[in-house]
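# Coordinate inspection notes
What follows is each chain in one-letter form.
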Amino acid sequence: MAKKNLGTKIDAEIEQLDYVYKRVKKNVAVLKRLDGYTFPPEIQKIIEQEQINFIDVEETIEDKIDSTASNLEKYYSGVERIFESIAKEFDKTQPEGDGWHQQLLKQMLKAIPGKRNAVISEQIFKELGKFKDFRNFEKHNYLRSVNPKIVINAVETSFIELHQPLMAQIKQFANTLPQEMQAGNEVTFEEKQQQSSQANRKEYLTYKAKVAAKNQSETSGYFGNILQQEKTDIAIAKLIFQE
C-alpha cells in the first residue's frame, strides 16, 4: 500500500474543506429563513422551482447556530492540518505551547529559501486570523447567545469570501511541490524495496568494478579467470544500469 504523500494529503483536505464550505453556506441560508430574512426574488424563485426545503420543523435558530459553529471548527481544523503537514515536511518544526495557532499561520506566511514558497499571502494571513478568533467562540460555547445576524454577517463577509482565494493559494503551493510529493506519485512499500535492492546491487557492482580495475594491473596467469569474471560483472552492470 502506498503511503500518502504531501500532495495527496492536501488534495484530500481540500475536498473535505469544499464540502464543509457548502454545509456552512446552507446553514446560513437556513438561519436567514429562520430569522425572518426575505430572499431576493431571483433566489426565491429558484427555491420554489426546485422545491428546496431548508427547514426541519424541529430546528431552531440555536440549532443552526450550533451547527454552523461546529462546521466552522471543522473547517479551520482542516486548514490547520494542511499547514501542519507542510511544516512537518519542509520546516521540520511545528509551534507548540500557547499561541501555537497564530505561530503556525506566521510560518505559512513566510517562504523558506531553497525549501518552499510561502503558502499564504499577507491578506489571507489577516483574514485567517479574524476567522480563527471567530471560530474560538464555538470552543467556549459563546455562539448560543449571539444574535443570528452577527453569525450570518461574519460568515458571509469573512468565511465565504475567504474560502475561494485560500483554496487557490493552497493549490498553487501544492503545484510547486517536488514531483515525488505531487498527488498521485506515491511510492508503494514494494517499490521502495525494489529501489533499495537495485541501489544495493549497483553499489555492490561498483565495488567489484573498482576491485577489477585494481587487479587488472596486478593479476595474470592463475588469476585470469577471476579477472574475466570481474569483467563479466562490469558488463552486466552496464547492461542493467545503462552506464
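All values derive from a computational prediction rather than experimental measurement. (Residues numbered from 1 in each chain as written. Predicted model: local features only at pLDDT ≥ 70, side-chain atom pairs only at ≥ 80, totals over all residues. Heavy atoms only, no water.)

## Regarding the overall build of the chain
Within the chain, the secondary structure is distributed over 8 helices and 0 strands. Helices (α) and strands (β) of the chain occur, in sequence order from the N terminus, as α-α-α-α-α-α-α-α. Looking at the chain as a whole, 34% of its 243 residues qualify as buried. A separation threshold of at least 6 residues defines the contact pool for the chain, and within that pool the share at least 24 residues apart is 71%. Total accessible area computed for the chain in this model is approximately 15,300 Å², and 50% of it derives from carbon and sulfur atoms. (Helix = DSSP H or I, 4+ residues; strand = E, 2+ residues; numbered from the N terminus. Buried < 20%, exposed > 50% of the residue type's maximum accessible area, 1.4 Å probe, protein only. Contact = heavy atoms within 4.5 Å. Areas by Shrake-Rupley, 256 points an atom, 1.4 Å probe, with all protein chains shown as cover.)

## Notes on the pattern of salt bridges
Under the counting rule described, the total for this entry stands at 3 salt bridges. Between Asp91 and Arg116 there is a salt bridge, with the nearest N and O atoms lying 2.8 Å from each other. Highlighted residues: Asp91 in helix 3 (residues 61-91) and Arg116 in the loop between helix 4 (100-109) and helix 5 (122-139), separated in sequence by 25 residues. As far as the burial class goes, Asp91 and Arg116 line up, both buried. A salt bridge links Lys130 to Glu127; the shortest N-O distance between them is 3.6 Å. Taken together, the residues span about one helical turn, with Lys130 and Glu127 both in helix 5 at a distance of 3 residues. Overall, Glu127 belongs to the buried group, its relative accessible area being 17%. (Salt bridge = Lys/Arg side-chain N within 4 Å of Asp/Glu carboxyl O.)

## Topic: the confidence of the model for the chain
Per-residue pLDDT for the chain has a mean of 76; in total, 59% of the residues score no lower than 70. The lowest-confidence element of the chain is helix 8 (residues 224-241), averaging 58 in pLDDT; the highest-confidence one is helix 4, averaging 94. (pLDDT = per-residue confidence, 0-100.)

## A few points about the nonpolar core
In this structure, Ile10, Tyr75, Phe83, Ile86, Ile120, Leu128 and Leu166 are the most contacted members of the largest nonpolar core, which totals 42 residues. Counting residues per element, the ones that place at least two in this core are helix 1 (6-34), helix 3, helix 4, helix 5 and helix 6 (148-175). No other element matches helix 6, which puts 11 residues into this core. The residues contacting Phe83, other than those within four sequence positions of it, are Leu104, Leu105, Met108, Val119, Ile120, Leu128 and Ile170. (Core = buried A, V, L, I, M, F, W, Y, C linked by side-chain atoms within 4.5 Å.)

## A look at the packing of aromatic side chains
As enumerated under the stated definition, the model contains 6 aromatic pairs in all. The interplanar angle of 65° and the centroid separation of 5.9 Å between the aromatic rings of Tyr75 and Phe131 together place this pair among those described as edge-to-face. Taken together, the positions of Tyr75 in helix 3 and Phe131 in helix 5 put the pair 56 residues apart, joining distant regions of the chain. Per residue, the accessibility class of Tyr75 equals that of Phe131, and both read buried. (Phe/Tyr/Trp six-rings, centres within 6.5 Å; stacked < 30°, edge-to-face > 60°.)

## Side note on unusual backbone geometry
Positive phi outside glycine occurs at Lys92, with the angle close to 60°. Within the secondary structure, Lys92 sits in the loop between helix 3 and helix 4. Lys92 gets classed as exposed once you look at its relative accessible area, which sits at 61%.

## With respect to helix 3
Compared with an ideal rise of 1.5 Å per residue, which puts 31 residues at 45 Å, helix 3 spans 43 Å between its outermost C-alpha atoms and is within 8% of the ideal. Once helix 3 ends, the next one or two residues include Lys92, with phi positive near 60°. (Expected span 1.5 Å × (residues − 1).)

## So, helix 4
All buried positions along helix 4 are accounted for by Leu104, Leu105, Gln107 and Met108. Along helix 4, the residues classed as buried sweep out an arc of 155° about the axis, all on the same side. (Arc of directions from axis to C-beta.)

## Details of the environment of Gln94
Within the secondary structure, Gln94 sits in the loop between helix 3 and helix 4. Spatially, the C-alpha atom of Gln94 lies 9.5 Å from that of Phe83, the residues being 11 residues apart in sequence. Beyond its immediate chain neighbours, meaning those up to four positions away, Gln94 contacts Glu84, Ala87, Lys88 and Gln107.

## Considering the packing of helix 3 against helix 6
Viewed as axis vectors pointing N to C, helix 3 and helix 6 meet at an angle of 25°, and their least axial separation amounts to 12 Å. The pairing of helix 3 with helix 6 is recorded here as roughly parallel in orientation. Of the two possible hands of crossing, helix 3 and helix 6 adopt the one that is left-handed. Facing helix 3, whose interface residues are Ile61, Ile65, Thr68, Leu72, Tyr75, Val79, Ile82, Phe83, Ile86 and Phe90, helix 6 presents Pro148, Val151, Val155, Phe159, His163, Leu166, Met167, Ile170 and Phe173. (Axes fitted to C-alpha atoms, helices over the stretch in contact; angles between N-to-C directions. Parallel < 35°, antiparallel > 145°, perpendicular 65-115°, else oblique. Left-handed = near helix turned anticlockwise from the far one by under 90°.)

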